[in-house]
Amino acid sequence: MKIAYSKEKIIKVIVIISIILISILLILVLYKSKVLQIIKNGLNDAKKEVVGTMAKYEIVAESGEEYEVLITIENQSGIERITAEDITIEGKGKRKIALDRTLKEGKEYQMKIKAEGEEEELYTLVASKKPNIVITNIDTTGDGTTKTVEIAYTNNENLKNYYSLDDGATWQEYKEELDILEVDNKTITAKSEWKEGKTIQNSAEKVSLIISDSLISAAGKAVIGNNRHYKIAIKDEEYTVHTYVENEDTTFTSNRTYGDANDVGTASANAKNMVLVKVDGNLSINSGVTVTTYGTAYGGPKGMLLYVTGNLENNGTVTMTARGAKAVGQNVYLWKNRETESEEYEYISKDGMQGGEKVRSTTESGRVGNNGANGTNRRSRRRRLRWILSKEL
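What you see is a predicted model; the values in this text were computed from it and never measured.

Chemist: Explanation requested: the environment of Asp-249 in the structure shown.
Modeler: Topologically, Asp-249 is positioned in the loop between β14 (237-246) and β15 (250-252). Distance from Asp-249 to Asn-282, taken between C-alpha atoms, is 4.6 Å for residues 33 residues apart in sequence. If we ignore the near neighbours within four places in the chain, the residues touching Asp-249 are Gly-281 and Asn-282. Within the structure, the side chain of Asp-249 is placed 2.8 Å from the backbone nitrogen of Asn-282, a separation counted as a polar contact.

Chemist: Sorry, what's going on with the sheet that holds strand β16 (residues 256-258) here?
Modeler: To summarise the sheet geometry, strands pair through backbone hydrogen bonds and adopt either a parallel or an antiparallel arrangement. An order of β16-β19-β22 is seen for the three strands of this open sheet, with the pairing classed as parallel. Edge positions in the sheet fall to β16 and β22 (317-318), since each of these pairs with one other strand and no more. Of the pairings in the sheet, the one linking β16 to strand β19 (residues 290-293) comprises three bridges and is parallel in character. For Arg-256, the partnering residue across the bridge sits in β19 and is Val-291.

Chemist: Hey, could you run me through the sheet that holds strand β18 (residues 283-285) in this one?
Modeler: The sheet built from three strands is open, its strands ordered β15-β18-β21 with parallel pairing. Every other strand in the sheet has two partners, leaving β15 and β21 (312-314) as the edge strands with one partner each. In this sheet, neighbouring strand axes are inclined to one another by 5 degrees on average, regardless of whether the strands run parallel or antiparallel. Both β15 and β18 contribute to a ladder of three bridges, which runs parallel. By the bridge assignment for β18, Phe-252 is matched with Ile-285.

Chemist: Help me understand the packing of aromatic side chains, please; the structure alone is not making it clear to me.
Modeler: Centre-to-centre distance and the angle between the planes together describe a pair of aromatic rings. Counting across every chain of the model gives three aromatic pairs. Both rings, one in Tyr-163 and one in Tyr-174, keep their centres 6.2 Å apart while their planes meet at 85 degrees; by these two values the pair is edge-to-face. Of the two residues, Tyr-163 is situated in strand β8 (residues 159-164) and Tyr-174 in the loop between β9 (172-173) and β10 (178-181); the sequence distance between them amounts to eleven residues. The buried category is assigned to Tyr-163, whose relative accessible area is 11%. When its relative accessible area of 17% is taken as the criterion, Tyr-174 is described as buried. Geometrically, the ring pair formed by Tyr-333 and Tyr-347 is tilted, given 5.6 Å between the ring centres and 35 degrees between the ring planes. In this pair, Tyr-333 sits in strand β23 (residues 332-336) while Tyr-347 sits in strand β24 (residues 345-348), placing the two residues 14 residues apart along the sequence. Stacked on the ring of Trp-171, the Lys or Arg Lys-191 has its end atom at 4.3 Å from the ring centre.

Chemist: Just to check I follow, could you spell out the nonpolar core for this structure?
Modeler: Across soluble globular proteins, nonpolar side chains have a tendency to be buried as a group. In this structure, Tyr-57, Val-69, Ile-71, Ile-73, Met-111, Leu-125 and Ile-200 are the most contacted members of the largest nonpolar core, which totals 20 residues. Elements supplying a minimum of two residues to this core: β1 (54-63), β2 (66-84), β3 (87-104), β4 (108-115) and β5 (121-126). Here this core takes seven residues from β2, the largest share from any one element. Those residues in contact with Ile-71, other than ones at most four positions away along the chain, are Lys-56, Tyr-57, Ile-97, Ala-98, Leu-99, Arg-101, Tyr-109, Met-111, Leu-125 and Ile-200.

Chemist: Could you clarify how one ought to interpret a negative patch on the surface in this entry?
Modeler: A cluster of acidic residues, Glu-150, Glu-176, Glu-177 and Asp-179, forms a negative patch at the surface. Within the secondary structure, Glu-177 is located in the loop between β9 and β10. A residue is classified by how much of its surface remains accessible, and Glu-177, at 45% relative accessible area, is partly exposed.

Chemist: For this particular structure, what's the right way to read the pairing of strand β11 (residues 187-194)?
Modeler: Each regular strand displays side chains that alternate between the two surfaces of the sheet. The buried fraction of β11 amounts to six of the eight residues, a majority that puts the element mostly inside the structure. Two elements, β8 and β11, share six bridges in a ladder whose sense is antiparallel. Bridge pairing in β11 places Tyr-162 opposite Lys-191.

Chemist: I keep staring at the pattern of salt bridges and nothing clicks. Help me out?
Modeler: Two side chains that carry opposite charge are able to pair once their charged atoms sit near each other. If you walk through the whole model with that rule in mind, you get six salt bridges. The closest approach of N and O atoms between Lys-114 and Glu-80, which form a salt bridge, is 3.2 Å. Here Lys-114 is found in strand β4, whereas its partner Glu-80 is found in strand β2, with 34 residues between them in sequence. One salt bridge in this structure joins Glu-120 and Arg-81, with 3.8 Å as the shortest N-O distance. Of this pair, Glu-120 sits in the loop between β4 and β5 while Arg-81 sits in strand β2, and the two are 39 residues apart along the sequence.

Conventions we followed
- Every chain is numbered independently, its residues counted from 1 as its sequence is written.
- Note on the predicted model: pLDDT of at least 70 is required for a residue's local features to be given, and 80 or more for side-chain atom pairs to be given and counted; whole-chain, interface and lining totals, by contrast, use all residues.
- Working from all heavy atoms in the structure, the side-chain values ignore hydrogens and water.
- Numbered from the N terminus, helices here are DSSP runs of H or I no shorter than four residues, and strands are runs of E no shorter than two.
- Contacts between residues were defined by any pair of non-hydrogen atoms, one from each residue, lying within 4.5 Å.
- Nitrogen and oxygen atoms within 3.5 Å of one another constitute a polar contact, given that in protein one can donate a hydrogen and the other can accept it, and given that sequence-neighbouring residues count only through two side-chain atoms.
- The pairing criterion for strands is at least two bridges between them, as found by DSSP.
- Convention adopted: a line fitted to C-alpha atoms gives each axis, helices being fitted over their contacting stretch, and angles between N-to-C directions are expressed from 0 to 180 degrees.
- Two rings from Phe, Tyr or Trp (for Trp, the six-membered ring) form a pair when their centres are within 6.5 Å of each other. A pair whose planes differ by under 30 degrees is stacked, one over 60 is edge-to-face, and the rest are tilted.
- Burial classes follow relative accessibility: with a 1.4 Å probe on protein chains only, a residue under 20% of its type's maximum area counts as buried, one over 50% as exposed, and anything between as partly exposed.
- Criterion for a charge above a ring: Lys NZ or Arg CZ within 6 Å of the ring centre, and within 35 degrees of the ring normal.
- Only buried residues count toward a nonpolar core, which is a set of Ala, Val, Leu, Ile, Met, Phe, Trp, Tyr and Cys residues joined through side-chain atoms within 4.5 Å.
- Like-charged residues are merged into a patch within 9 Å and nonpolar side chains (Val, Leu, Ile, Met, Phe, Trp, Tyr) within 5 Å, provided each residue has over 30% relative accessible area and no salt bridge.
- The Shrake-Rupley method, run with a 1.4 Å probe, gives the accessible areas here. Residue values count only the displayed protein chains as cover.
- Counted as salt bridges are all cases of a side-chain nitrogen of Lys or Arg within 4 Å of a carboxyl oxygen of Asp or Glu.
- Charged residues are defined narrowly, with Lys and Arg counted positive, Asp and Glu counted negative, and His plus the chain ends left uncounted.
- Lys charges are placed at NZ, Arg charges at CZ, Asp charges at CG and Glu charges at CD.

Here it is in structure tokens:
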């Protein structure tokens, strides 16, 4: 049986189907537009985040309390203008601009940066080489009890503060004082990281402290890195050391000079650091090879400790001749004698022994002076030279 449809009914069905199709198409268009708008907004947000101005500085030279500083400013949209109290630079759309400034230690230097299509923003730079972290309240009497370690950071709201007990392998945010067991030879490393903000920043400052009961114990058990600087707290002294580490069996086939100009004294300053060379393994020094430290007319660093965990075969020369440091004397606590009840230290005294009495002479012969007292506790004895009087007197 066939069903007959009138022409009017067919037209109505066609109209209804057309309306449905048009509605579906309109929904799809609107949905697609919305999706594209979301994607577009997302891309715009990402682009805006990338385009933000990056400003950093590097100290390239210093003279007393003044630094020669290289400031680098980057913005991918282009820099329109940089304004400071002593300079105005028209960027003309450049994406990167570098400028040299001479700044005083710790003084704020402010500048306004105007990027293309963005509002002018104020940035602050404080150039400093002084550590922004101080580790305090250390009791290093060496009795094996727990010591309280307080890490005091510069009060700077732009910094986040962290500490590490494994020389930087893992970090935790510093919130309270730490209890450190001294006999574990803990290496405490502290650092600050800049928060996001309008601060022209340098790399994060770090200070590492080794709590130990002797230099030899610290060299052998503490975690130390190559070409790093540490403070070692022992008893009533604190030493700053420049470390060099070889992590395998090593052979010195050519001369080795450890340390640099920052370790030794100058005409206006004392030597700053001791040099610690650690070979974690066996060390062989070939014939004709000399091992020493950096030195100038003002001497060398505040001593050198060569620590070898394995066997040392020395066919060359290890010397500190002409490397006496220009520095204030310190007791150098080499080792702690645990087998004695008093647990005395083997140490090099900061004070030498009494020198010999002066001797007057009118001749050039016999110019050797009198010996001083014999050294004790590894004190060195001093010799007094004769006074040669002129015959005219």
